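A closer look at the structure
Letter by letter, the chains look like this.
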Amino acid sequence: MAVLVTGGTGYIGSVTCVKLLQAGEEVVIADNLSNSDISVTDRIKKITGKNFSFYKADVRDKAAMRDIFAKHKIEACIHFAGLKAVYESISKPLEYYDNNIGGTIALLEIMKEANVKKIVFSSSATVYGNNEPPFSEDMEIGLETTNPYGTTKLFIEKILGDLAISDPEWGVMLLRYFNPIGADESGLLGDDPNGIPTNLMPYIQRVATGKLPKLFIYGNDYETPDGTCIRDYIHVADLARGHINAVYRVRTMSGIDIYNLGTGTGYSVLDIVKTFMKVNDIDVPFEYAPRRDGDVVTSFCDPTKAKREIGFTTEKTLDDMCRDSYNFIKKLTN
Ligand code: NAD
Ligand code: WQD
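1. Let's talk about unusual backbone geometry
- For the bond from proline 133 to proline 134, the omega torsion is 0 degrees, close enough to zero to count as cis.
- In this fold, proline 134 is placed in the loop between strand E5 (118-124) and helix H6 (148-166).
- In this structure, leucine 33 takes a positive phi of about 60 degrees despite not being glycine.
- Structurally, leucine 33 is set in the loop between strand E2 (26-31) and helix H2 (39-48).
- Overall, leucine 33 belongs to the buried group, its relative accessible area being 18%.

2. Re helix H9 (residues 269-280)
- For H9, with twelve residues, the first-to-last C-alpha span of 17 Å sits near the 16 Å given by 1.5 Å per residue.
- By the criterion of burial, H9 is predominantly enclosed, with nine of the twelve residues buried.
- Of the residues making up H9, those classed as buried are Val269, Leu270, Ile272, Val273, Thr275, Phe276, Met277, Val279 and Asn280.
- Aspartate 281 sits one or two residues past H9 and shows a positive phi near 50 degrees.

3. A look at the site of ligand 2
- Close contacts around ligand 2 come from 19 residues, with Tyr149, Leu200, Phe216, Arg231 and Asp295 the closest.
- The side chain of serine 124 places a nitrogen or oxygen atom 2.8 Å from an oxygen atom of ligand 2.
- A distance of 3.0 Å separates an oxygen atom of ligand 2 from a polar atom in the side chain of asparagine 199.
- In isolation ligand 2 offers 690 Å² of accessible surface; the protein chains occlude 87% of this area.
- Broken down by class, the residue content of the shell around ligand 2 amounts to eleven nonpolar, five polar and three charged.

4. Some points on helix H7 (residues 200-208)
- Across the nine residues of H7, nine count as buried, placing the element largely inside the fold.
- All buried positions along H7 are accounted for by Leu200, Met201, Pro202, Tyr203, Ile204, Gln205, Arg206, Val207 and Ala208.
- Those residues of H7 that are buried are in contact with strand E7 (179-181), strand E8 (215-218), strand E10 (233-235), H9 and helix H11 (318-333).
- Just past H7, the residue glycine 210 takes up positive phi, approximately 75 degrees.

5. Digging into the sheet that holds strand E4 (residues 74-79)
- Strand order across the open sheet formed by seven strands is E3-E2-E1-E4-E5-E6-E11, with parallel pairing between neighbours. One side of each edge strand has no neighbouring strand; the edge strands of this open sheet are strand E3 (53-56) and strand E11 (255-261). When strand polarity is set aside, the average angle formed by the axes of neighbouring strands in this sheet is 20 degrees.
- With seven bridges joining them, strand E6 (residues 171-177) and E11 adopt parallel strand pairing. Bridged to arginine 176 within E11 is asparagine 260.
- Strands in contact with helix H5 (residues 93-113) are strand E1 (2-6), E4 and E5; relative to E5, the strand with the most contacts, it is inclined by about 170 degrees.

Reading the values: rules and limits
- Throughout this document, residue positions are counted from 1 along each chain, in the order its sequence is written.
- Chains carry letters from A onward and ligands carry numbers from 1 onward, assigned in written order.
- The predicted origin of the model limits local features to residues at a pLDDT of at least 70 and limits the giving and counting of side-chain atom pairs to 80 or more, whereas totals for whole chains, interfaces and linings rest on all residues.
- As a rule here, side-chain values cover all heavy atoms of the structure and leave hydrogens and water aside.
- A helix here means a DSSP run of H or I that spans at least four residues, while a strand means a run of E at least two residues long, and both kinds are numbered starting from the N terminus.
- Think of it in three bands: with a 1.4 Å probe and only protein chains considered, a residue is buried below 20% of the maximum accessible area for its type, exposed above 50%, and partly exposed in between.
- Multiplying 1.5 Å by the residue count of a helix minus one yields the expected span of that helix.
- Whether a residue is near a molecule or strand depends on its heavy atoms: it is near if one of them lies within 4 Å of it.
- Whenever two N or O atoms come within 3.5 Å, that pair is a polar contact, provided that in protein one can donate a hydrogen and the other can accept it, and provided that, for residues adjacent in sequence, both atoms are side-chain atoms.
- Computed with the Shrake-Rupley method and a 1.4 Å probe, the accessible areas treat only the protein chains shown as cover for residues.
- Asp, Glu, Lys and Arg are counted as charged, while Ala, Val, Leu, Ile, Met, Phe, Trp, Tyr, Cys and Pro are counted as nonpolar; the rest, among them Gly, fall into the polar class.
- Contacts were defined at the residue level, with two residues in contact if any of their heavy atoms lie within 4.5 Å.
- Two strands qualify as a pair provided that DSSP identifies no fewer than 2 bridges between them.
- Angles run from 0 to 180 degrees between N-to-C directions of axes, and those axes are lines fitted to C-alpha atoms, restricted for helices to the stretch in contact.

Now the structure itself:
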């Protein structure tokens, strides 16, 4: 029985495929390559020495997806596929609603047709909005998403909740990721977005490799110990391992469960920059700039539910995250 991984050649999906293959799972990837490259499939094979099936397919293309379900005995799906750029979503809301929400509904319809009713969904800490940290899964959400991307995650969570109520055969797991950074330990898989990055670590990577002159730190007058915003950064390899725990659980579950995937520890922007410089022995020039619209001051999770119920805890340190991010970008640019 196989696990279908939509978006499996993307940043988080590719590292998750490595962990799935290393855990002995059969993997089928469906990705339209809109934000990833086919060469990722070779890199996954190189790291794991294992084979898997890859389909260049859009999850909204029902005929293509139906074909995949007909060819493989799929027992569960990890659904990563979607658009994820917060700022782009503000100027292209329809594309985001169509791809993320339309794509999820199309996938669920094909899963239902194929009688595959177990799904793990990539949600985001963004759904917590301006709640008071530490964020826990039982908090009320939905009052204040600040961009269409975040709204797609919120709506998809609702849709999956309604689906789980409609039929007890559905087992749905919502994973709320905090801030994934770092790269696969091999240095072959990581995050290097197209265009000028808006996320912190990809931007630091560009400065460290001389592609951009300096980092702008958005705001140093927040009410935090050093004045910069605080986030719960999680190593992508830890995050990927969390999906193994989730798949093991979703196989036999009925209904819906929500889990935070984060470390539970917050670090400031300055902590990240200083740690990156220290562990990699490299300068990252920066200057303070005005606050960025829509940024929450402090975000970190309560990770105890994931530990208690699916046995997930993180292992990597901030040093590991910064070292692996640089290792990846150095390899890519050499
Ligand atoms: P990514 O862009 O690297 O990966 C997404 C993959 O999905 C890409 O390979 C892309 O080609 C593919 N894709 C997009 N639309 C598709 C479609 N319609 N059909 C088939 N494939 C499609 O992003 P990522 O960082 O790996 O994120 C994976 C998931 O996790 C996304 O759903 C994202 O919203 C969510 N998430 C990411 C973060 C983060 O900071 N990276 C945080 C929280 C949640
Ligand atoms: C982190 C901190 C910035 C860039 C976003 C999405 C969220 C999730 C993760 C998908 C903030 C500061 C950043 C820069 C900076 N993605 N920063 N200079 O905003 O916490 O979350 O990515 O679901 O939904 O909103 O992450 O990496 O953009 O920013 O000072 O050039 O770094 O202000 O404090 P964020 P980020």
